[in-house]
Amino acid sequence: MIPYGRQDINQADIDEVLAVLHSDFLTQGPKVPEFEAAVSHYVNCQFALATNSATSALHIACLALGVSCEDRVWTSVNSFVASSNCALYCGAQIDFIDIDPRTGNLSLVALETMLINAQKTNTLPKVVIPVHFAGQSCDMPTIHELSKRFGFAIIEDASHAIGGEYHQGKIGNCQYSDITVFSFHPVKIITTAEGGMAMTNKPELAEKMALFRSHGITKNPDLMSSTTLPPWYYEQQVLGYNYRMTELQACLGLSQLTRIDEYIQQRNSKAQCYNDALKNLPLKVLEVIYGKSAYHLYVIQLNDATRHLTVFNALRAAQIGVNLHYIPITKQPYYQQLDMTFTAHPHADDYYARAISIPLFPTMSDKDQQDVIQALTDILL
Ligand SMILES: *Cc1c(COP(=O)(O)O)cnc(C)c1O
């Protein structure tokens, strides 16, 4: 089976992890801050907080922005459940924004309409979480303008998108947002096995996220309420978690980061190859209309939705590890039983009836890609 995504681990990665195993620190050593500094430098953002997953990074991002049971959070309906679960962890109400079917990203028209309606009923969101679907940035300058007009904060869920670009810089520079979150799960662009990171340019948000990441505890005397400090002293100031990344994960991330530009280039050239080869088949591919995509996913949408299941099964039978990103979050049983009403999302429903993610990863061989193209052609023509 050709998987839809796969990590690339080389000997250098393995050597780095082994070296950390022989070192003094398996956790809370020098590698985590080194990895944070390296990602900060790579995306050009001031502060970075490594975590044990993007899910925990999203959670501490919401907490740092003060999301509570009085608040509303909105995100894209076409995303992984973690994009909205983070708001539910904080007790907030959630609602979902429909997509632009060309890109799979949230629709600006849908977002603005929802905001105008919410303003009338005094139910504006505290935070909006745009998801950079498949690695392509949302139109952040426009979302940023809306945030000024309607007064919400922005967390970019860039789990798919480290290495991608806005028009004017790297995704994660937080030029148009408060916080950006990356995932380092093995199917994503670079991996630390499990792992994530929250980026911000705001020192007060960085400080709060650091607290929430590690039990709510600080050892920084400048932040403490007590003035006479014995040498053993530390303070728990808020109810935090243990969301820390280990040294093993951080050194793997550092090693992977040296190859990120190569990965993005390989993903883009393989995507281009699909674009050319699939042109005459009865399907649409996602368009990249904004910035440079990191191409975490390559998604096709069948013209004939009635053949969706048949085509999906035929590809799996041909040993092509296709997948579907995503089931609209509102269709999940957990979300359906919540006492919340969600905005309708006809474009995401239509997308869900047609979408299939086909294999795309840097080390996919040309032969494997040709096999995918051949299988699709045989099934669809
Ligand atoms: C993978 C993913 C997450 C969660 O990432 P983890 O590191 O596995 O916690 C969140 N949001 C999106 C859009 C994702 O694809």
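Residues numbered from 1 in each chain as written. Predicted model: local features only at pLDDT ≥ 70, side-chain atom pairs only at ≥ 80, totals over all residues. Heavy atoms only, no water.

As recorded in an unreviewed UniProt entry, the protein goes by the name UDP-4-amino-4, 6-dideoxy-N-acetyl-beta-L-altrosamine transaminase, listed as coming from Pseudoalteromonas ulvae. For the protein, the Sequence similarities (unreviewed entry) comment in UniProt is given as "Belongs to the DegT/DnrJ/EryC1 family." (UniProt positions renumbered as here; feature names shortened; annotations may be inferred.)

Counting residues in hydrophobic clusters, the biggest one holds 76 residues, and the most contacted among them are Ile155, Leu278 and Ile358. In terms of residue count, helix 3 (residues 54-64) provides more of this core than any other element does, eight residues in total. Both domains that meet at this core, namely domain 1 (2-257) and domain 2 (260-380), each give it at least three residues. Apart from residues lying up to four places away in sequence, Ile155 is in contact with Leu58, Ala61, Cys62, Leu65, Val127, Val128, Ile129, Pro130, Ile179 and Val181. Counting residues in each nonpolar core, the second largest holds 45 residues, with Ala50, Ile97, Phe152 and Leu257 among its members. (Core = buried A, V, L, I, M, F, W, Y, C linked by side-chain atoms within 4.5 Å. Buried < 20%, exposed > 50% of the residue type's maximum accessible area, 1.4 Å probe, protein only. Helix = DSSP H or I, 4+ residues; strand = E, 2+ residues; numbered from the N terminus. Domains from an automatic or database assignment. Contact = heavy atoms within 4.5 Å.)

Moving on, we come to the domain arrangement of the protein. For the protein, the domain assignment lists domain 1 (2-257) and domain 2 (260-380). Put simply, the middle of domain 1 and the middle of domain 2, counted by C-alpha atoms, are 25 Å apart. Listed as interface residues are 51 residues of domain 1 and, on the opposing side, 53 residues of domain 2. Carbon and sulfur atoms make up 61% of the area that domain 1 and domain 2 hide from each other, which totals about 4,500 Å². It is Ile2, Tyr4 and Ile189 in domain 1 that bury the most area against domain 2; as a group they hold 19% of the surface buried on that side. Applying the counting criterion to the domain 1 and domain 2 interface returns zero salt bridges. Across the contact surface, domain 1 and domain 2 share 26 residue pairs in polar contact (both at pLDDT 80 or more). Looking at the side of domain 1 that touches domain 2, the elements that each hand over two or more residues are helix 4 (82-89), strand 3 (93-97), helix 6 (140-150) and helix 8 (247-257). No other element matches the four residues that strand 3 contributes to the side of domain 1 that touches domain 2. (Buried area = accessible area lost by both parts, 1.4 Å probe. Salt bridge = Lys/Arg side-chain N within 4 Å of Asp/Glu carboxyl O. Polar contact = N/O pair within 3.5 Å; in protein donor to acceptor, adjacent residues only side chain to side chain.)

What the three strands build is an open sheet, ordered 10-11-12; its pairing is antiparallel. If you trace the sheet from one side to the other, it starts and ends with strand 10 (283-285) and strand 12 (355-358), each paired once. With direction set aside, neighbouring strand axes in the sheet form an average angle of 30°. The sheet contact formed by strand 11 (residues 298-302) and strand 12 spans four bridges and is antiparallel. Counterpart to Val299 in the pairing with strand 12 is Ser357. (Pairing = 2+ DSSP bridges. Axes fitted to C-alpha atoms, helices over the stretch in contact; angles between N-to-C directions.)

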